[in-house]
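# Architecture and fold: a report
As a plain string of letters, each chain reads:
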Amino acid sequence: MEKVYTIERVVEIKFEDGNLISFEDCWLRDHCRCSTCYHADTYQRSQHILDIPDARVKSFSFSKTQLNIIWDCGHNSLYSAEFLLQFDYKKWSDKRRLRPQLWRGTEVTDKVARLNVKQFLSSAEGAKPVFQSLLDYGVAFIEDVSPNLMGTEEVCQALGGVQRTVFGGMWQFTTKPDHADTAYTNLPLAVHNDNTYFTEAAGLQILHCIEHTGGSGGKTVLVDGFYGATELRKNCPEDYEFLTTFDVEAEYIEEGHHHSYSAPIIRINRSTQELTQIRYNVYDRSAMAFADGGLCRSYYRSLRNLARYYQDPANQWQFKLKPGTVMVIDNFRVLHGRTSFTGTRVLCGSYVTRSDWLDRARTLKLIG
Ligand SMILES: C[N+](C)(C)CCCC[C@H](N)C(=O)O
Ligand SMILES: O=C(O)CCC(=O)C(=O)O
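These remarks concern the structure in this document.

About the thresholds
- Residues numbered from 1 in each chain as written.
- Chains lettered and ligands numbered in written order.
- Predicted model: local features only at pLDDT ≥ 70, side-chain atom pairs only at ≥ 80, totals over all residues.
- Heavy atoms only, no water.
- Near = heavy atom within 4 Å.
- Polar contact = N/O pair within 3.5 Å; in protein donor to acceptor, adjacent residues only side chain to side chain.
- Areas by Shrake-Rupley, 256 points an atom, 1.4 Å probe, with all protein chains shown as cover.
- Nonpolar A, V, L, I, M, F, W, Y, C, P; charged D, E, K, R; others polar.
- Phe/Tyr/Trp six-rings, centres within 6.5 Å; stacked < 30°, edge-to-face > 60°.
- Helix = DSSP H or I, 4+ residues; strand = E, 2+ residues; numbered from the N terminus.
- Buried < 20%, exposed > 50% of the residue type's maximum accessible area, 1.4 Å probe, protein only.
- Pairing = 2+ DSSP bridges.
- Axes fitted to C-alpha atoms, helices over the stretch in contact; angles between N-to-C directions.
- Patch = residues over 30% accessible without salt bridge, like charges linked within 9 Å, V, L, I, M, F, W, Y side chains within 5 Å.
- Salt bridge = Lys/Arg side-chain N within 4 Å of Asp/Glu carboxyl O.
- Left-handed = near helix turned anticlockwise from the far one by under 90°.
- Contact = heavy atoms within 4.5 Å.
- Lys, Arg positive; Asp, Glu negative; His and termini not counted.
- Expected span 1.5 Å × (residues − 1).
- Bend = angle between axes of the 7 residues up to and from the residue.
- Parallel < 35°, antiparallel > 145°, perpendicular 65-115°, else oblique.

## Regarding the site of ligand 1
Close to ligand 1 lie 14 residues; Asp 181, Asn 195, Tyr 197, Asn 281 and Asp 284 are nearest. The contact in question runs from an oxygen atom of ligand 1 to an N or O atom on the backbone of Asn 195, over 2.7 Å. In isolation ligand 1 exposes 380 Å². Once the protein is present, 96% of that is buried. For the shell around ligand 1, a count of residues per class yields six nonpolar, five polar and three charged.

## With respect to the packing of aromatic side chains
One pass over the full model with this rule turns up 23 aromatic pairs. Note on Phe 167 and Tyr 252: the rings are 5.0 Å apart at their centroids and 70° apart in plane angle, and the pair reads as edge-to-face. Remark: Tyr 252 occurs in strand 15 (residues 248–254) and Phe 167 occurs in the loop between helix 6 (149–159) and strand 11 (171–173); sequence separation between them is 85 residues. One exposure class covers both Phe 167 and Tyr 252, and it is buried. Ring geometry for Phe 246 and Tyr 299: centres 6.0 Å apart, planes at 55°, overall tilted.

## So, the pairing of strand 22 (residues 344–352)
Burial of strand 22 is extensive: eight of the nine residues sit out of reach of the surface. In terms of strand pairing, strand 11 meets strand 22 through three bridges, oriented antiparallel. Bridge pairing in strand 22 places Trp 171 opposite Gly 349. Judged from the nine bridges that link them, strand 13 (residues 204–213) and strand 22 form a sheet pairing that is antiparallel. Residue pairing for strand 22: Thr 213 is matched across the bridge by Thr 344.

## What about the sheet that holds strand 7 (residues 66–71)?
The antiparallel open sheet is built from three strands, whose spatial order is 6-7-8. Two strands close off the open sheet at either side, each with one partner strand: strand 6 (57–62) and strand 8 (76–80). Going across the sheet, the axis of each strand differs from the next one's by a mean of 20°, ignoring polarity. The pairing of strand 7 with strand 8 spans five bridges and is antiparallel. When the sheet's bridge partners are listed, Leu 67 is paired in strand 8 with Tyr 79.

## Description of a nonpolar patch on the surface
On the surface, Tyr 5, Ile 7 and Leu 20 cluster together into a nonpolar patch covering about 260 Å² of accessible area. Along the polypeptide, Tyr 5 turns up in strand 1 (residues 3–7).

## Concerning the pattern of salt bridges
Taken as a whole and judged by the stated rule, the model has 15 salt bridges. A salt bridge links Asp 25 to Arg 9, with the shortest nitrogen-to-oxygen separation between them at 2.6 Å. With Asp 25 in helix 1 (residues 25–30) and Arg 9 in the loop between strand 1 and strand 2 (10–14), this residue pair connects regions lying 16 residues apart in the sequence. By relative accessible area, Arg 9 is classed as partly exposed at 23%. Asp 330 is the partner of Arg 354 in a salt bridge, and the nearest nitrogen-oxygen pair spans 3.6 Å. With Arg 354 in helix 10 (residues 354–363) and Asp 330 in strand 20 (residues 326–330), the pair connects residues that are 24 residues apart, well separated along the chain. Owing to a relative accessible area of 15%, Arg 354 belongs among the buried residues under this scheme. Several salt bridges share partner residues, and in doing so they unite Lys 90, Asp 94, Arg 97 and Glu 274 into one network.

## Some thoughts on the site of ligand 2
Near ligand 2 you find Phe 173, Ala 183, Leu 189, His 192, Asp 194, Gln 205, His 336, Arg 338, Arg 345 and Leu 347, and these make up its full shell. Between ligand 2 and Arg 345, the relevant distance is 2.7 Å, taken from an oxygen atom to a side-chain nitrogen or oxygen of the residue. In the complex, 94% of the free accessible area of ligand 2, which totals 300 Å², lies under the protein chains. When residues of the shell around ligand 2 are traced back to their parent elements, those giving at least two are strand 12 (189–192), strand 21 (334–338) and strand 22.

## Points about the packing of helix 5 (residues 124–137) against helix 10
Contact pair helix 5 / helix 10: the axes reach a minimum separation of 10 Å and the direction vectors enclose 115°. The handedness of the crossing between helix 5 and helix 10 is left-handed. For the pair formed by helix 5 and helix 10, the contact residues are Phe 131, Leu 134 and Leu 135 on the first element and Trp 357, Leu 358, Arg 360 and Ala 361 on the second. Split by residue class, the contact of helix 5 with helix 10 holds six nonpolar, no polar and one charged.

## Examining the side chain of Glu 254
Tracing the backbone shows Glu 254 in strand 15. Buried charge without a partner: Glu 254 forms no salt bridge, and the closest opposite charge is Arg 164, 11 Å away. At a separation of 2.4 Å, a polar atom in the side chain of Glu 254 contacts the side chain of Tyr 252. Beyond its immediate sequence surroundings of up to four residues, Glu 254 is in contact with Val 166, His 179 and Ala 180.

## Remarks on helix 5
Given a rise of 1.5 Å per residue, 14 residues ought to cover 20 Å, and the 20 Å separating the end C-alpha atoms of helix 5 matches this to within 8%. Of all the bends in helix 5, the greatest, near 25°, is centred on Val 130. Here helix 5 has its buried residues at Gly 126, Ala 127, Val 130, Phe 131, Ser 133, Leu 134, Leu 135, Asp 136 and Tyr 137. Once helix 5 ends, the next one or two residues include Gly 138, with phi positive near 80°.

## With respect to the packing of helix 7 (residues 225–235) against helix 9 (residues 293–311)
The geometry of helix 7 relative to helix 9 is characterised by a closest axis approach of 9 Å and an angle of 135° between their N-to-C directions. If you check the angle between helix 7 and helix 9, you find them oblique. Crossing geometry of helix 7 relative to helix 9 is assigned as right-handed. For the pair helix 7 and helix 9, the contacting residues are Gly 225, Gly 228, Ala 229, Glu 231, Leu 232 and Asn 235 in the first and Asn 305, Leu 306, Tyr 309 and Tyr 310 in the second.

This is the structure in structure tokens:
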């Protein structure tokens, strides 16, 4: 630290690297890291917010590496320059910002990670390219996986852990009605996100086609949901605005279950206007009532305009999943579907929660 001075209730610090950061006294008092205020072994504060006094700086001293504040409540706080430097707002917020690289069609075929399962499972470091690919493109492939549930489960665990839902943990499905859903048929499924009827959709969808015999079709279709939403925002701003604000209800109903949830199809971070999630599934939409005809017409116009981007073959990436290759997609961003098929087609996989896969990515220091 080069210079420290107080103005009213603000402590201004000029750091050696030229950074100038202003700290409100309430922030500094709350971020005291002494053993009375903070459990260093659990990374938790020990004081209740109501027990932290609204103190003022009584006096302070500093060196290159430390700031010492004596508070008018009698408390004494020590802060390292390294700790304080983290809280330059731009640096702090940039570190937490995700940087998706939007794509259309087959643009990222040769850019997404295609990692051998041995490398993926070998170490945290070894898994890095898969998580980076998910952060960049929302898609990654892990290859030479044993074409069975056990081999696939190892991959799902390493991605963050198997999420349990109404469909079970690890699932294996084919044209057998194990659940009341068209995924368990040979019908075509237009691109969609899964779980629009859950309060939180699965973070990752992991699909491994372990068999397709005696027939054809069953190609996988992917679309970058963020690309489509960005195009809609550019070309139909009114529809984009509508889809970021209007709650669409989705449902999943089967014997003994009725999941339902309402939320906008396009979720954005209101302060940065960045896209955070696409919840698009034309099949699982509930029958809805509308407050007035205008809303009803806006809903159909906006949804159709977004759907046109997702249904445009130029924006779609179509390929055949083969036994041994596990596909991992970011279900908050990338839409997936399939073409109809004949013959016996068996897929296995699981969901992984967003918290759990981002936990892995953050532990790998790929995100803040
Ligand atoms: C087979 N598997 C469990 C993967 C999915 C089944 C649920 C599909 C549902 N229509 C949705 O889009 O969420
Ligand atoms: O059968 C497939 O390839 C995909 C099925 C699907 O879209 C799903 O399970 O959500």
